[in-house]
Structures are given as C-alpha cells and as structure tokens.
Amino acid sequence: MGFFNNILKKLGMGKDEAPPEPNKPIAVPGMAVPIQADMPASAPPKAEAMAQVDVVAKLDAMAAANKGLDWKRSIVDLLKLLGLPSDLAARKELAADLNYSGSDADGSPEKNMWLHKTVLQKLAENGGNIPKDLL
C-alpha cells in the first residue's frame, strides 16, 4: 500500500519497508557446517506486539495549529493536515491503494466519504486508536 503507507509514516505508524537482514553464517575453522550468529537454532522468532498509537491526539494537535481543517469528516482536510497531496490524482491513487471497487465518480462526495472512512478503519487496523463514532 504505497499512498496509505505515507499516511502511516506521517502518524509515526510506518513499518520498515526493508526486512531485517537475516543472520549470516559464521565460518568456524575446523567445522564442516557454518553456525548462525545471534540466534540459537531452537529459538522461534518473536512476534512483536502492535503498539497502540494515539492518532486522535496527534491529529487534534496538528489541527490546533491548522485552523479550518476538519480531519474528522473530510479526507481532503485529513491529507492536508498530514502534509500529503490531497488533489484528485492523489485521492485516485489512495483509492486504488485501498482497493476501491465502487462506481462513484472520482472526486464525488460518496467516493471521498468512502476514502475517509476506509483510511480511518485502516488506521485502526494498524494500531491507531480511532473512536467508534468516527468509524
């Protein structure tokens, strides 16, 4: 998800794009098989818990410095608040990124409402504390 990842990054929720470098084998003189560094063979990889991000507090703080942007109701204002492009081309890219399958015209109020709701839902799925009344 290209454009949506930009949103996550702006909110401090972005995931590292590149996977961590795997442990490299270490050749030990006299051993037929190299050993793995840093991790015993029997240790399973640890799953990282998803940290909760206070998205509402972050966006409200940004909105306090940018009067007139209603991020809670407008996808255009949300994108502007994050310093991301909010023009029609950007919203088309975001819709494609979020797999929009509706028939609403680009830029229509219906499509913009779908984008806004879907972005908030995806933020919640990625550890954001989005209140139910916004979903």
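Criteria and thresholds
Residues numbered from 1 in each chain as written. Predicted model: local features only at pLDDT ≥ 70, side-chain atom pairs only at ≥ 80, totals over all residues. Heavy atoms only, no water. Helix = DSSP H or I, 4+ residues; strand = E, 2+ residues; numbered from the N terminus. Buried < 20%, exposed > 50% of the residue type's maximum accessible area, 1.4 Å probe, protein only. Contact = heavy atoms within 4.5 Å. Areas by Shrake-Rupley, 256 points an atom, 1.4 Å probe, with all protein chains shown as cover. pLDDT = per-residue confidence, 0-100. Lys, Arg positive; Asp, Glu negative; His and termini not counted. Salt bridge = Lys/Arg side-chain N within 4 Å of Asp/Glu carboxyl O. Expected span 1.5 Å × (residues − 1). Core = buried A, V, L, I, M, F, W, Y, C linked by side-chain atoms within 4.5 Å. Phe/Tyr/Trp six-rings, centres within 6.5 Å; stacked < 30°, edge-to-face > 60°. Axes fitted to C-alpha atoms, helices over the stretch in contact; angles between N-to-C directions. Parallel < 35°, antiparallel > 145°, perpendicular 65-115°, else oblique. Nonpolar A, V, L, I, M, F, W, Y, C, P; charged D, E, K, R; others polar.

Next up on the list: the overall build of the chain. Along the chain, the regular secondary structure elements total five helices and two strands. If you list the helices and strands of the chain from N to C, you get α-β-β-α-α-α-α. With 135 residues in all, the chain has 32% of them scored as buried. Long-range pairs, those at least 24 residues apart, make up 51% of the contacts in the chain with a sequence separation of at least 6. If you sum the accessible surface of the chain, you get close to 8,800 Å²; carbon and sulfur atoms cover 55% of it.

Turning our attention to the confidence of the model for the chain. Model confidence for the chain is summarised by a mean pLDDT of 82, while 72% of its residues fall at 70 or above. When pLDDT is averaged over each helix and strand of the chain, the minimum, 53, is found for strand β2 (residues 35-36) and the maximum, 97, for helix α3 (residues 75-81). The low-confidence segment residues 17-21 (pLDDT under 50) makes two contacts with residues lying over four places distant or belonging to another chain.

Looking now at the side chain of R91. Within the fold, R91 resides in helix α4 (residues 88-97). Within the buried core, R91 has no salt-bridge partner, and the shortest N-O distance to an opposite charge, that of D87, equals 6.4 Å. Aside from chain neighbours lying at most four places away, what touches R91 is I75, V76, L79, S86, G107, N112 and L115.

The subject of this paragraph is helix α5 (residues 109-125). With 17 residues, α5 should cover 24 Å at 1.5 Å per step; its first-to-last C-alpha distance of 24 Å lies within 8% of that length. Among all positions of α5, only K111, N112, L115, H116, T118, V119, L120 and L123 are buried. In this structure, the buried side of α5 is in contact with α1 (2-10), α2 (55-65), α3 and α4. Positive backbone phi, approximately 100°, marks G127, located one or two places after α5.

One broad trend across soluble globular proteins is that nonpolar side chains are buried collectively. With 29 residues, the main nonpolar core has I7, W71, L94, V119 and L123 as its most contacted residues. Of all the elements in the fold, those that place two or more residues in this core are α1, α2, α3, α4 and α5.

Moving on, we get to the packing of aromatic side chains. A complete count under the given rule lists one aromatic pair for this structure. Relative to W114, the ring of Y100 has its centre 4.8 Å away and its plane inclined at 70°; by these criteria the two rings are edge-to-face. Of this pair, Y100 sits in the loop between α4 and α5 while W114 sits in helix α5, placing them 14 residues apart in sequence. For Y100, a relative accessible area of 16% puts it in the buried group. Residue classification places W114 among the partly exposed positions, given a relative accessible area of 27%.

Attention shifts here to the packing of α1 against α4. Between α1 and α4, the least distance of the axes is 7 Å, while the angle of their chain directions is 100°. Put simply, α1 runs roughly perpendicular to α4. Taking contact as the criterion, the partners of G2, F3, F4 and I7 in α1 are, on α4, A90, E93, L94 and D97. Looking at the contact of α1 with α4, its residues break down into five nonpolar, one polar and two charged.

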